[in-house]
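Architecture at a glance
What follows is each chain in one-letter form.
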Amino acid sequence: MTSGVGGGGGAAAEGRGFEAGPAMELLPRGPAEFGSARYWDRFFRQRGRRPFEWYGAFPELCPVLRKYVRPRDKVLVVGCGNSELSEQMYDTGMCEDIVNIDISDAVIRQMQERSASKRPKMSYVLMDVLQMDFPDAHFQVVLDKGTLDAILTDDEEATLSKVDRMFAEVSRVLQVGGRYLCVSLAQAHVLKKAVEYFSQEGWVVRVHEVAGSGDKQQFVLPVFVYVMTKFRKIPGSAQQILEICPEEQDKPMRMESAERLVEAVRDRQHYALLCSQLSKTPCGEQLSLDLCEKVSGRPRYTLHVVDSPSVKPSRDNRFAIFIIPQGRETEWLFGTEDGRRQLATSAGFGRLVTVALHREQRYEGMASIQAELSGKVMELAPPGLPARQQVPFLSVGGDIGVRTVRHCDTSPLSGEYVVEDVKGDDACYFRRLVFLSNRNVVQSEARLLAPAPPPGQKKRRKDKRKAGPAEPPTAIDKSYLCCEHHKAMVAGLCLLGSPDPVPGSPIAVLVVGLGGGSLPLFIHDYFSQAHVAVVEIDPCMLEVATCWFGFSQGDRMQVHVADGLDYVAKLAAEAPARYDAVMFDVDSKDLTVGMSCPPPAFVEKPFLQKVKTILKPEGVFVLNLVCRDARLKESVLAVLREVFPLLYARRIDGEVNEILFCQPSPAGRRDPTELGARARVLEGALQQPGRPWDSSYVLADMLQAVTII
C-alpha cells in the first residue's frame, strides 16, 4: 500500500451519504491523514479484526472482476487494508495467486494471522505502492479498491506527483496485456487523472458502473471500476480508446474524449443521487430528467416527477406512470408545471411520473414502452411503496398517439426545424412547425381536413373486409385557428373605428411574422376586402408555409422577405398612416432573454413610434407578448403606454401569452359591453353561408376578459 491508503475502501471526500455511527470516529480529521501510515496503524488497531469495506462489497464487484481476473493470473492487491475482498476472491476460486500489500504494519500482521493456515497461496507484504520491490512485468492484474481515491484527495502538486509515481509503479509491475482494476467513487478529478494518464500511455480505458445492492439505506453514490489494459505505446499514435459500461449486461460504449467519459460518469452519479433523494422524501419541486439511448446518447424519454401532498396515501394510489401521447407534450396539461400538477391531482396518485416521447425516436406501442421503462421508473418510486407493488401505466385513450414527421430541415436564421402531423383529441390531426432550439413550443399549427370520399362514391353500410389503418389527412383547414392568441388578435379588429361590419370594408393589414401563415390566411379569406402585407425575415419560413401549410400569395396577399424593423422604419419614412391594423407575432431567437415574443428591439420606444406613424388615426396595433420576467414586462407596458394612449390587454388562459391592443387616440375607448356587441356583429358578418366556420370560435368570448391598462 502507498502513503495515503487505508483498509480497502478509501473515501476521498466527506459526506458520502452513509449513516454515521460509532466507527465514524475512526475517520481522519482531514484528507491529509489518508497519507499517513501512522494514521492507518492506529485505525486498524482501534478497529480490531472487523473487516472494513467503505464501498464495493464482493457480491456487487464479482460480476465485473470475473470478466478481467482469470484463475491462473498472478494478482497484486494494493492498499489491501483488512478488506475481505482478496479472501473472497480466493475462497470462490476466482484466483489464488494473490499478493496483498499495505503500508500499515498492524493490518499486515492481522491479515497474515487471519489467512496463513486457510489460504496458503495468498500472501501479505508490508510495502508502499509508490516504491515496490517486485520485478518488472511480474503481474497480470493489479487490483486497487479505494487506494487511488484515498491518495488523490486534492489537486496539489505534491499529491499529483505522488499519484504519478503510483501509476508508474503499477505500469512497471504489469505485463503487457495486463489489467489495472481500480474500484473508485469516480470523483471527477480522480477519474480524469487516471483516464488521461493511461490513455496517453496507449492503454485501453474502460469504466464499469457496479450494480448496487438495492438497499437504499446503503451508500448513495454508485461505485465504478476503471479497467486500464496495458498495451505497448506506439510512437506517433494519437488514438485513444475510451469506453463506458453503464450496466453489467451492456456492451461497452465508445467515448470520443476523456471529458465526455467524465461527463457520462457524472450523469450516472447525479442520477443515483436523484433516485436516493426521491426514495427518502417527497419532492417539493418537479424534477425532470432524460433517459437516453445507450448507443447514440440521444434522449428517448423525458420524465417529470410530480408529487401531490394533497392526495391521501393508500396502498393503491402511491405511484403511477403517465405516458403522454406523441405530439401532445406541448399541451398545457402535459407541458407546464401547473398542468402536470393538475394532472397528478386529478389522477389521484401521490407521485406521478409523466413520460414524454421524442420525435426522433421510434416506438412500437404501449406494451414495449412499459417493458422498456419498468425497471428505470421503479428507481423513482416514492418512500413507503410496498414491495412488489404493481405500478399502473396510464395514458389518454390507452395508446401512445400518432406523430409523423413530414419535413425537417435547417434554416440559417431559425436553426433546425420539423414539420410534423400529430393526432389530437377526437381523432383530429394537426400539422405543426417546431423549432428544435425550443422543441417544447409549437411555432405554428393548423388543423387538417378529413379526406372527403370521391364524387359519386356511396358509403357502404357494411364491409366485411378488415379495415386497415386510416390514412391521416393532408389538406389544411383554413377556417380553423389553432392558436388562442391568433383568435384574440383577429377579435381585436372589432376595435377599428367604423361601426359597420369590417368584413365587407376595405382594410389594410400588416402582419410581422409569418410562421405557418394561418393568421394572415384567415384575415385574407374571411375579410374579403382586406389587403394583407406580411413581413418575414426568414425565407425558409415562406417556403414552409407555402409547401406545408397551404399558404399562397395573390392580389390581396403579399409577403416581403425582410427584417421587420427595417421594413417598418422604411414605411414610416415613406408611407405614414397607411394601415388599419398592424400585428406583431414574431418570436425572439435569443432564449436567454425573459421575453420570447417579440424580440426586445420591437418594443423599444423609437421603433414603437414608427409603428404608430404607419397606423391610421383610428387603427389598432396588436402585439403578441410572451414575457416571463415580471420587471421586463412592466417596463414594456410602460413604454407602450407612453406611445399609445389607449391600451387594452387580453390574457390567454393557461399560457404566458398576453395580447395587447394599442390605439393612437384615447377617443376610441370602448367599454367591455360595447366591445362584446361589436364582436357579435363582426362574427355574424364573418359567418357567410357556404363558408366553413369553427363553431368553437366566439369572438365575444375573446374580448370578454379584456382589461384597459
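The notes below deal with the structure included here. Per chain, the residues get numbers from 1 upward, laid out in the order the sequence is written. Predicted model: local features are reported for residues with pLDDT of at least 70 only, side-chain atom pairs are reported and counted for 80 or more only, and whole-chain, interface and lining totals are derived from all residues. The side-chain numbers reported here are obtained from all heavy atoms of the structure, hydrogens and water having been left aside.

Here we look at the pattern of salt bridges
Any carboxyl oxygen of Asp or Glu that lies within 4 Å of a side-chain nitrogen of Lys or Arg is treated as forming a salt bridge with it. A complete count under the given rule lists 38 salt bridges for this structure. Notably, a salt bridge pairs Asp-97 with Lys-74, separated by 3.3 Å at the nearest N-O pair. Of the two residues, Asp-97 is situated in the loop between helix H3 (85-91) and strand S2 (98-102) and Lys-74 in the loop between helix H2 (58-68) and strand S1 (75-78); the sequence distance between them amounts to 23 residues. Linked by salt bridges that have partners in common, Glu-87, Asp-91, Arg-114 and Arg-119 make up one network. Secondary structure elements are taken from DSSP: a helix is a run of H or I of four residues or more, a strand is a run of E of two residues or more, and numbering for both begins at the N terminus.

Some points on the pairing of strand S17 (residues 429-435)
For the exposure calls, accessible area comes from a 1.4 Å probe over protein chains only, and a residue counts as buried if that area is under 20% of its type's maximum, exposed if over 50%, partly exposed in between. Counting buried positions over the seven residues of S17 gives seven, a clear majority of the element. On S17, burial covers both faces: Tyr-429, Arg-431, Leu-433 and Phe-435 on one face and Phe-430, Arg-432 and Val-434 on the other are all buried. Two strands pair under a simple rule: DSSP has to find at least two bridges between them. As paired elements, strand S16 (residues 415-423) and S17 share seven bridges and run antiparallel to each other. From the neighbouring strand, Asp-421 faces S17, where its bridge partner is Arg-431. Hairpin connection from S16 to S17: five residues lie between these consecutive antiparallel strands, with Asp-426 at a positive phi of about 55°. In this structure, S17 lies alongside strand S18 (residues 444-449), joined through four bridges in antiparallel fashion. By the bridge assignment for S18, Arg-432 is matched with Glu-445.

A few points about the nonpolar core
Counting 47 residues, the largest nonpolar core has Ile-523, Phe-527, Phe-661, Tyr-697 and Leu-699 as its most contacted members. Sorting elements by how many residues they give to this core places helix H13 (residues 518-526) first, with five residues. For this analysis, a nonpolar core means a set of buried residues of the types Ala, Val, Leu, Ile, Met, Phe, Trp, Tyr and Cys, connected via side-chain atoms within 4.5 Å. In terms of nonpolar packing, the next biggest core, distinct from the first, is built from 44 residues, Leu-148, Leu-174, Val-190 and Phe-198 among them.

Focus: unusual backbone geometry
Backbone torsion omega between Cys-597 and Pro-598 reads -5°, so that peptide bond is classified as cis. Its place among the elements puts Pro-598 in the loop between strand S24 (595-597) and helix H16 (605-614). Phi is positive for Ala-186, which is not a glycine, with a value near 60°. With a phi close to 50°, Ala-577 is a non-glycine residue in the positive phi region. Tracing the chain through its elements places Ala-577 in the loop between helix H15 (564-574) and strand S23 (579-584).

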